[in-house]
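Coordinates in review
So you can see what is in the structure, the chains are spelled out below.
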Amino acid sequence: LVPTATSSISPLPTITDPRPEYQVVHDEGKRTLWVVFVIMLVASIAFTAMSWSLPASKRLYHVVTTLITTIAAISYFGMATGHGVSLHDVKITEQHEHVPDTYKHIYRQVYWARYVDWSLTTPLLLLDLSLLAGLNGASIFIAIFADLVMILTGLFAAFGGEETPQKWGWYAIACIAYLVVVWQLAVNGRAAVLNKGTKVARFFGSIAGFTFLLWTAYPIVWGVADGSRIASVDDEIIAYAVLDVLAKPVFGAWLLFTHQSMPETNVELGGFWSEGLKGEG
Ligand code: RET
């Protein structure tokens, strides 16, 4: 690379890279986004149908779970049509001997719509699990706010600059917040659910364990795709698609069908939830 006139007087690297690298979505990724949109839509309709014949007081899990898949459907519609995505300018300094350093530019698409989706849906998923466990209000509050810290700092990490502590610093903060979430559910959730009997405790152990494994895969995918850019944008879309389908429609169907056949999972919220609503009794 040939140094420019300005770079010889400036101590900073100059942008001389004439051909930046573009890491963007292709047909495969776009198709995947549409497929997941349809899956989320169908799941939302199915979960709504499942709640139809139930009294309002028994619809709590249905309402929360349908909201989760509906928000995901909206987010996937946005991403499939090209919304909720930005071109993140990644600058990497390239050092040269004798000539001034230059910047290498990589432009990678970041789907920030995911973080909007997650900031709404992961608290709702935690609410489902917390209600199932009979977790106390203080623990639910801490879990949900730690979860919001995790998602928002994850968003900052996604737009963090290279060669500064930003990206991996935000990532580390998000991981600590994630540990707080896990702690609330694994320690306080497990203690609370014992009051609901062994059947519910066993079910909570399985579905919370499934959730823990899935959720832990997200920061791994993030590290490989957004963090180190080893995975292409299409591969990233496919990886999150698989995880999202498992974490929302599959999780939701498992919860709602089990709830149907296990009355011990009922949540009593009394008048706060359903007083005055039709369909009681
Ligand atoms: C990020 C990156 C920063 C570190 C951590 C993360 C965790 C994300 C998680 C997301 C879960 C999403 C779900 C979506 C619903 O379908 C933000 C990726 C820890 C746990 C369950």
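The paragraphs below set out a description of the structure included in this document. No experiment lies behind these values; they were computed from the predicted model shown. (Residues numbered from 1 in each chain as written. Predicted model: local features only at pLDDT ≥ 70, side-chain atom pairs only at ≥ 80, totals over all residues. Heavy atoms only, no water.)

1. Things to note about the pattern of salt bridges
- Applying the stated rule across the entire model yields five salt bridges.
- For K248, the salt bridge identified is with D117, shortest N-O distance 3.0 Å. Of this pair, K248 sits in helix 7 (residues 233-261) while D117 sits in helix 3 (residues 113-133), and the two are 131 residues apart along the sequence. Summarising the burial analysis for this pair, K248 and D117 share the class buried. (Salt bridge = Lys/Arg side-chain N within 4 Å of Asp/Glu carboxyl O. Helix = DSSP H or I, 4+ residues; strand = E, 2+ residues; numbered from the N terminus. Buried < 20%, exposed > 50% of the residue type's maximum accessible area, 1.4 Å probe, protein only.)

2. As for the site of the ligand
- The ligand sits among 15 residues. The nearest are A174, W215, Y218, D244 and K248.
- One of the side-chain N or O atoms of K248 is found 2.9 Å from an oxygen atom in the ligand.
- For the ligand, whose accessible area on its own is 530 Å², the fraction buried by protein is 100%.
- A per-class count over the shell around the ligand returns eleven nonpolar, two polar and two charged. (Near = heavy atom within 4 Å. Polar contact = N/O pair within 3.5 Å; in protein donor to acceptor, adjacent residues only side chain to side chain. Areas by Shrake-Rupley, 256 points an atom, 1.4 Å probe, with all protein chains shown as cover. Nonpolar A, V, L, I, M, F, W, Y, C, P; charged D, E, K, R; others polar.)

3. Topic: the packing of aromatic side chains
- By the definition in use, this model includes 15 aromatic pairs.
- On the numbers, 5.8 Å between centres and 80° between planes, the contact of W34 with F37 is edge-to-face. Of the two residues, W34 and F37 both sit in helix 1 (residues 27-51), three residues apart, roughly one turn of that helix.
- Aromatic side chains F210 and W254 sit 5.5 Å apart centroid to centroid with 80° between the ring planes, which places their arrangement in the edge-to-face category. Within this pair, whereas F210 is found in helix 6 (residues 198-227), its partner W254 is found in helix 7, the two being separated by 44 residues in sequence.
- By relative accessible area, which is 22% here, F210 ends up partly exposed.
- Overall, W254 belongs to the partly exposed group, its relative accessible area being 32%.
- An aromatic cluster is defined as three or more aromatic residues linked by ring pairs; in this entry it consists of Y115, W118, Y218 and Y240.
- A cation sits over an aromatic face here: K91 above Y103, 5.8 Å from the ring centre. (Phe/Tyr/Trp six-rings, centres within 6.5 Å; stacked < 30°, edge-to-face > 60°. Lys NZ or Arg CZ within 6 Å of the ring centre and 35° of its normal.)

4. Description of the packing of helix 2 (residues 60-80) against helix 3
- Between helix 2 and helix 3, whose axes approach to 9 Å, the crossing angle comes to 165°. One finds that helix 2 runs roughly antiparallel with respect to helix 3. The way helix 2 lies across helix 3 gives a crossing that is left-handed. Contact with helix 2, carried on its side by L60, Y61, V64, T65, L67, I68, I71, A72, S75, Y76 and M79, involves A113, R114, D117, L120, T121, L124, L125, L127, D128, L131 and L132 of helix 3 and no other residues of that element.
- Taken together, the residues of the contact of helix 2 with helix 3 sort by class into 16 nonpolar, three polar and three charged. (Axes fitted to C-alpha atoms, helices over the stretch in contact; angles between N-to-C directions. Parallel < 35°, antiparallel > 145°, perpendicular 65-115°, else oblique. Left-handed = near helix turned anticlockwise from the far one by under 90°. Contact = heavy atoms within 4.5 Å.)

5. Some details on helix 4 (residues 137-158)
- Over its 22 residues, helix 4 runs 32 Å from end to end, which matches the ideal 32 Å to within 8%, given 1.5 Å per residue.
- By the burial criterion, the buried members of helix 4 are S139, I140, A143, I144, A146, D147, M150, I151, T153, G154, A157 and A158.
- Residues of helix 4 that are buried sit in contact with strand 2 (86-94), strand 3 (102-110), helix 3, helix 5 (166-193) and helix 6.
- Residue N136 occupies the N-cap position of helix 4, its side-chain oxygen lying 3.1 Å from the main-chain nitrogen of A138. (Expected span 1.5 Å × (residues − 1).)

6. Topic: the pairing of strand 3
- The buried count for strand 3 comes to seven of nine residues, which makes it a mostly enclosed element.
- Sheet topology places strand 1 (residues 21-23) next to strand 3; three bridges connect them, and they run parallel. Bridge pairing in strand 3 links Q23 to R108.
- One ladder, built from nine bridges, connects strand 2 with strand 3; its direction is antiparallel. Following the sheet pairing, L87 is matched in strand 3 by Q109. (Pairing = 2+ DSSP bridges.)

7. Some words on unusual backbone geometry
- Despite not being glycine, E163 shows a phi value in the positive range, around 60°.
- Using a relative accessible area of 52% as the deciding quantity, one classes E163 as exposed.
- One non-glycine residue with positive phi stands out, namely R229, at about 55°.
- Of note, R229 is situated in the loop between helix 6 and helix 7.
- We classify R229 as buried; its relative accessible area is 15%.

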